[in-house]
Structures are given as C-alpha cells and as structure tokens.
Amino acid sequence: MSEDLKTIKELADELSVTKQNIQYHYQRLPKELQLKSSNGSNLINSKAEKIILGKVESSSKSNTKDQQISSKENFEDEKLDNPFINRLIKEVEYLKIDKDKIISTKDQQISSKDQQIEKLTNLLDQQQRLALQDKKLLDEYKSEINDLKALKMPTQETEFKHLDNQYKDEVNALKEKLENFQEQIKVQKRIEEQEKPRKWWGLWRK
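Predicted, not measured: the structure shown is a model, and the values here were computed from it.

**Structural notes on the overall build of the chain**
Part 1 of the reasoning: Helix and strand counts for the chain stand at four helices and three strands.
Part 2 of the reasoning: Counting across all 206 residues of the chain, residues that qualify as buried make up 9%.
Part 3 of the reasoning: A separation of at least 24 residues holds for 43% of the contacts in the chain among residues at least 6 apart in sequence.
Part 4 of the reasoning: Split by element, the accessible area of the chain, about 18,600 Å² in all, is 55% carbon and sulfur.

Here is the structure:
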C-alpha cells in the first residue's frame, strides 16, 4: 500500500494558510523528507506533515502573541494622547483609594462589633454561672429545710400520740362513770317498780 502523499497546495488548503507558508517550512525539512513527484512537484508525506504542522501552529501562536503585545502598546500610546481616557483612569484610581478607605473603615467597625459581641458573650456566661449558683444555693436551702422538717416530725408525732392516749383515758373514764350512773338509775327504777304494786295492793285490801 503506497504512502498517502500531499502537495504543498493541498496541505495549505487543509491548514488554511498560504502556499508560501508551507513552502517556507518545506524547504527547511531534512533532505530525506523533501520528496518529489515524477514531474518534479514537491510532495509531503505523513512525517513531514507533522513537522510542518508543528511549525505552522508555533508560528501562529507567536503571531497572535505579537499582535496582542502590539495592540496593548497601541492602546497605551492612545491612552497617553486621549484626555478622556486619562480622566477615566484618574477616576478609577480615586475610586480605588476611596474603596480602600471604605474597606478599612468597615474593618474597624467589624472589629469593634466583634469586641462588643465578645463582651456580651462574657457577660452572658457570667449571668448564666450566677443563675446556676443561685439555683444550687436554693436547692441546698430546700434540702436543709426538708431535713429540719424530717427531724421535727417524729417529736410532733410523739406528742400527738401522747395527747391521743391522754384523751382516750379521759374518755374511757367518763364512759365508765356514765355507765355506773346509768346502772344506778336502772337499779333505782327497779326498786321503785317493785314498791309500786305493794302500795296499790295495800290500798285495795283496805
């Protein structure tokens, strides 16, 4: 299978460059890569094509960079000669300075706010600690009061029991007196009942 060969025009058309550009790089190829057709036309094989393609791309990048540098230089020259552009540049520089001042002022304000927040945070922490201490003291007071109540309760219960026993004895004594009194009344009624028939019987006999 024969190698795919291209003419200088064909490669120039593919790369969208001039024939002179390809011819320039072709003439600088090694002698073994400068092929000729039967009629004497220059031919380019795949290896030569890669070399020429690298040269064209490198040259294109270099030209682009040169154009950018040239445009920048032209702009700088135009800038120096144009009063409107000069005024805009000064305004931009003034705005930059003003912006720096604003940023510096904002930084100071933020720093001041941070300090205030830190102080408030410390005060809040102290208040929370004091609240916890107060709660702890209150719990301790409650515990002591409960302990004192627990100590007093047995004494009060003992006193109540003593009073209950005393009242019970008095009530029992009264009950006993009442029962004796009731018993005496019953005895007296029986005696009276026994005497009544005799009296009526004696009157009837008379």
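**A look at the sheet that holds strand β1 (residues 6-7)**
Part 1 of the reasoning: The strand order across the open sheet formed by three strands is β1-β3-β2, and the pairing between neighbours is antiparallel. In this open sheet, the two edge strands, each paired with only one partner strand, are β1 and β2 (35-36).
Part 2 of the reasoning: Both β2 and strand β3 (residues 42-44) contribute to a ladder of two bridges, which runs antiparallel. Residue pairing in the sheet places Leu35 in a bridge with Leu43 of β3.
Part 3 of the reasoning: Each of β2 and β3 touches helix α2 (residues 19-27); the most contacted strand, β3, lies at about 80° to it.

**Focus: the environment of Ser41**
Part 1 of the reasoning: Examined against the element boundaries, Ser41 turns out to sit in the loop between β2 and β3.
Part 2 of the reasoning: By relative accessible area, Ser41 is classed as partly exposed at 32%.
Part 3 of the reasoning: Separated by 33 residues in the primary sequence, Ser41 and Ile8 place their C-alpha atoms 8.8 Å from one another.
Part 4 of the reasoning: In this structure Ser41 touches Leu35 and Lys36, once residues within four positions along its chain are discounted.
Part 5 of the reasoning: At 3.2 Å, the side chain of Ser41 forms a polar contact with the side chain of Asn39.

**Brief notes about the side chain of His25**
Part 1 of the reasoning: Turning to its location among the elements, His25 is positioned in helix α2.
Part 2 of the reasoning: Among the residues examined, His25 registers a relative accessible area of 12% and is labelled buried.
Part 3 of the reasoning: At a separation of 3.0 Å, a polar atom in the side chain of His25 contacts the side chain of Asn21.
Part 4 of the reasoning: Dropping the residues within four chain positions of it, His25 is found in contact with Ile52, Lys55 and Val56.

**Some words on the side chain of Asn45**
Part 1 of the reasoning: Tracing the chain through its elements places Asn45 in the loop between β3 and α3 (46-81).
Part 2 of the reasoning: Residue classification places Asn45 among the buried residues on the basis of a relative accessible area of 9%.
Part 3 of the reasoning: A polar side-chain atom of Asn45 sits 2.8 Å from the main-chain amide nitrogen of Ala48.

Rules and cut-offs
- Residues take numbers from 1 onward in each chain, read along the sequence in its written order.
- Confidence filtering applies because this is a predicted model: local features only for residues at pLDDT of at least 70, side-chain atom pairs given and counted only at 80 or more, and all residues used for totals across whole chains, interfaces and linings.
- Note: side-chain values were computed over all heavy atoms of the structure, leaving out hydrogens and water.
- Helix and strand assignments come from DSSP, with helices taken as H or I runs of at least 4 residues and strands as E runs of at least 2, each series counted from the N terminus.
- Per-residue accessibility, obtained with a 1.4 Å probe over protein chains only, is compared with the maximum for each type, and a residue is labelled buried under 20%, exposed over 50%, and partly exposed between these values.
- A contact between two residues is defined here by any heavy atoms of the two lying within 4.5 Å.
- Every accessible area reported is derived by Shrake-Rupley at a probe size of 1.4 Å, with residue values counting cover from the shown protein chains alone.
- Two strands pair under a simple rule: DSSP has to find at least two bridges between them.
- Structural elements are reduced to axes, namely lines fitted to C-alpha atoms, with helices fitted over the stretch in contact, and the angle between N-to-C directions of any two is expressed from 0 to 180 degrees.
- For the purposes of these results, a polar contact is taken to be a pair of N or O atoms within 3.5 Å, where, inside protein, one atom must be able to donate a hydrogen and its partner to accept one; residues adjacent in sequence count only when each atom of the pair is a side-chain atom.

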